[in-house]
Structure formats: C-alpha cells, structure tokens
Amino acid sequence: MSTKAFSSLIIIALVVLIGSQSFYIVKETERAIKLQFGELIDADVEPGIDFKVPFVDVIKRFDARVLTLDTQPSRFLTSGKKYVIVDSYAKWRIKDVRAYYEASSGDRTRATALLENLVNKGLRDEIAARTLHEVVSGERDQLMTQLTASLNLETQKELGIEVLDVRVKAIDLPDELSQSVYNRMSAERSREAREHRSQGKELAEGIEADAERQRTVIEAEAYREAEQIKGEGDAESSRIYAKAYSGDPEFYSFTRSLKAYTETFQGNDVLLLDPKSDFFRYLNDAKGK
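Residues numbered from 1 in each chain as written. Predicted model: local features only at pLDDT ≥ 70, side-chain atom pairs only at ≥ 80, totals over all residues. Heavy atoms only, no water.

Draft legend 1. Fine view of the packing of helix α2 (residues 97-104) against helix α3 (residues 108-128). Two elements in contact, α2 and α3, have axes separated by 9 Å at closest approach and are oriented at 90°. With respect to each other, α2 and α3 are oriented roughly perpendicular. On the side of α2, the interface is formed by Y100, A103 and S104, while α3 contributes R108, R110, A111 and L114. Of the residues belonging to the contact of α2 with α3, the class tally is four nonpolar, one polar and two charged. (Axes fitted to C-alpha atoms, helices over the stretch in contact; angles between N-to-C directions. Helix = DSSP H or I, 4+ residues; strand = E, 2+ residues; numbered from the N terminus. Parallel < 35°, antiparallel > 145°, perpendicular 65-115°, else oblique. Contact = heavy atoms within 4.5 Å. Nonpolar A, V, L, I, M, F, W, Y, C, P; charged D, E, K, R; others polar.)

Draft legend 2. Representation of the sheet that holds strand β3 (residues 39-45). Here three strands make up an open sheet; going across it, the order is β3-β2-β5 and the pairing antiparallel. Sheet topology places β3 and β5 (57-63) at the edges, where each strand pairs with a single neighbour. On average, each strand axis in the sheet is inclined to that of its neighbour by 25°, with strand direction left out of account. Here four bridges tie strand β2 (residues 30-36) to β3, and the two strands are oriented antiparallel to one another. The partner of L35 across the bridge, within β3, is L40. Most of the contacts of α2 go to β2, to which it runs at about 65°, and overall it touches β2, β3 and β5. (Pairing = 2+ DSSP bridges.)

Draft legend 3. Looking closely at a nonpolar patch on the surface. On the surface, a nonpolar cluster with roughly 520 Å² of combined accessible area is contributed by F23, I25, I49, F51 and V53. When residues of the nonpolar patch are traced back to their parent elements, those giving at least two are β1 (23-26) and β4 (48-51). Along the chain, the position of I49 falls in strand β4. You can call I49 exposed: its relative accessible area is 64%. (Patch = residues over 30% accessible without salt bridge, like charges linked within 9 Å, V, L, I, M, F, W, Y side chains within 5 Å. Areas by Shrake-Rupley, 256 points an atom, 1.4 Å probe, with all protein chains shown as cover. Salt bridge = Lys/Arg side-chain N within 4 Å of Asp/Glu carboxyl O. Buried < 20%, exposed > 50% of the residue type's maximum accessible area, 1.4 Å probe, protein only.)

Draft legend 4. Looking closely at empty space enclosed by the protein. Counting across every chain of the model gives one cavity of 30 Å³ or more. One number sums up the size of the largest cavity: a volume of about 40 Å³. V86, L123, I127, V135, R140, L143, M144, V168 and I171 together form the lining of the largest cavity. Of all the secondary structure elements, the ones that give two or more residues to the lining of the largest cavity are α3, α5 (140-158) and β9 (161-172). For the lining of the largest cavity, the element with the most residues is α5, which contributes three residues. Looking at the lining of the largest cavity, its residues break down into eight nonpolar, no polar and one charged. (1 Å grid on protein atoms, 1.4 Å probe; cavity = no way out; pocket = protein on both sides within 12 Å on 5 of 7 lines; lining within 4 Å. Points joined across faces, edges and corners; volume = space filled by probe spheres on them.)

Draft legend 5. Region of interest: α5. Its 19 residues give α5 an end-to-end C-alpha distance of 26 Å, which sits within 8% of 27 Å, the value for a rise of 1.5 Å per residue. Within α5 the residues assigned to the buried category are L143, M144, L147, T148, L151, N152 and T155. Buried positions along α5 lie against α3 and β9. Where α5 ends, the next residue or the one after it, G160, has phi of about 70°, a positive value. (Expected span 1.5 Å × (residues − 1).)

Rendered as structure tokens:
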C-alpha cells in the first residue's frame, strides 16, 4: 500500500471517529448530564440527538424508569423491646439528576446502597414507635404510608431520588420469640373458644327455656279451646236431646232403650236381669202385643 493511500485511510478513520464523538443520542427513558473536562455543565440534557464537542464533552446517561430496590431482611426493635425481621422493597426513580450524580457519581450500585440505608433507617424509626401487634397487623398500612412520605423528602434532598412506594414483603419473628408467641396465641384462642362455648351454651339454654315456655302456653291455650269447644258441643247435644225429648217423649225413650239394648247385649252371652224390670218394658210390651 502506498503512503498516500495509507494516509487517506488514517484521515478517513479520524473523520469517522471525530464524527461519532460529535453526536449523541438520549432516549426518552433516560436522564442525562453533560460534563466538560469532568465538570458538570448541563444537568438536564433533553432526550433526542444533539451535538457535543468531541473528546471534550462527555454525556452520562441514567435510567429514568421506575426501579425496584429489594432490600435485605433486617432486624428491628419494636417499642415493646421485641425484635422482628422485616423484608421490604422500595420503588424509586431519579428526580434530580444533578443531586443524584453528586451523591453517587452516577454509580447505580452506590445509589441503591445509599437508598437501602435510608430505607432501613426509616423502618427502624417507624417500627421503634409501634408495638409488635401494630407492626404485624394493626398499623402496617399506616406505617408504610408515613415511611414513604418521610423517606421521599429525605431521598430527594440527599440523593435526588423520588421514592414512590415502600412495601413490606414479610415480617417474621426471631426463632427465640416464635414459640412464645405461638404459645400465647394458642392460649388466647383457647380462652376465646371457652368464651364462645359458654356463650353458646347460655344462648342454647335460653332458647330451650323460651321454647318450653311457648310449648306450655300453646298446650294450655289448645286445652282451653278444646274444653270450650267440647262444652259447646255438649251444650248443643243437650239442647238437641232436650228438643227431641220435648217433641215426642215416648219415642225418645224408645230410641234410648234400643240404644241401651244394643250396648248391653253386644259382647255379652249371659245376663242376669229381672224380665219384669223397667229395662225390658218395651220388649215386654212388644210380646204382649
């Protein structure tokens, strides 16, 4: 290769290199800053394609999307001097690029480490102000809301990071506390079970007593109505008999005697009676005729 051709290749390579270093692209999902000889001259570079001075200006890009910090489980002390092991995570994104760069030099690993320290500090303060019951169940949502608000103010000021949400994935007890808590919960559930059984027995006895009272009242009322109807029936029967008797006393006596004969002779083979007694009056009259 001739010297002229070689020189041309070098010139072309330099042009391509300088051209590639003269333009930069910032995506919509990125935040960027411009440095000039290591000095920050623009902390809010707009997304798009733009020109920079080759080998003088340096563009540093950072992910502007919502990111997740998954913290390591840590031990915290409640107001009742009980330890809990909390596993949490935080949702965050870059809010102030200048503050973010100055705090972490643009190193995401360093930024997440600083953020994790602040999250743990906030959790420690919030948990220390609450009892074990409040941390585990009673005020967890309130704890997360307060922690997110206070942490967001601190991280924006110190790290240029906006904390969108902090959530607890799990709250566990140390092994030395698990058994004592289990025993206490078991005793509490046993006490509640005894109370429920006692209340149920008392309620059942009340229902049975009320049912027995209602049964007695219903039976008494039914007996009274039955006696009343029976009395009315007897009175009506007596009235009918009296009316029939007054209409034809002889015929009435005759039918009564026939009924008496039927009831007397039914099922009896032998009867010792005086044939001339008044009981056989109609039979004797029929024989005479």
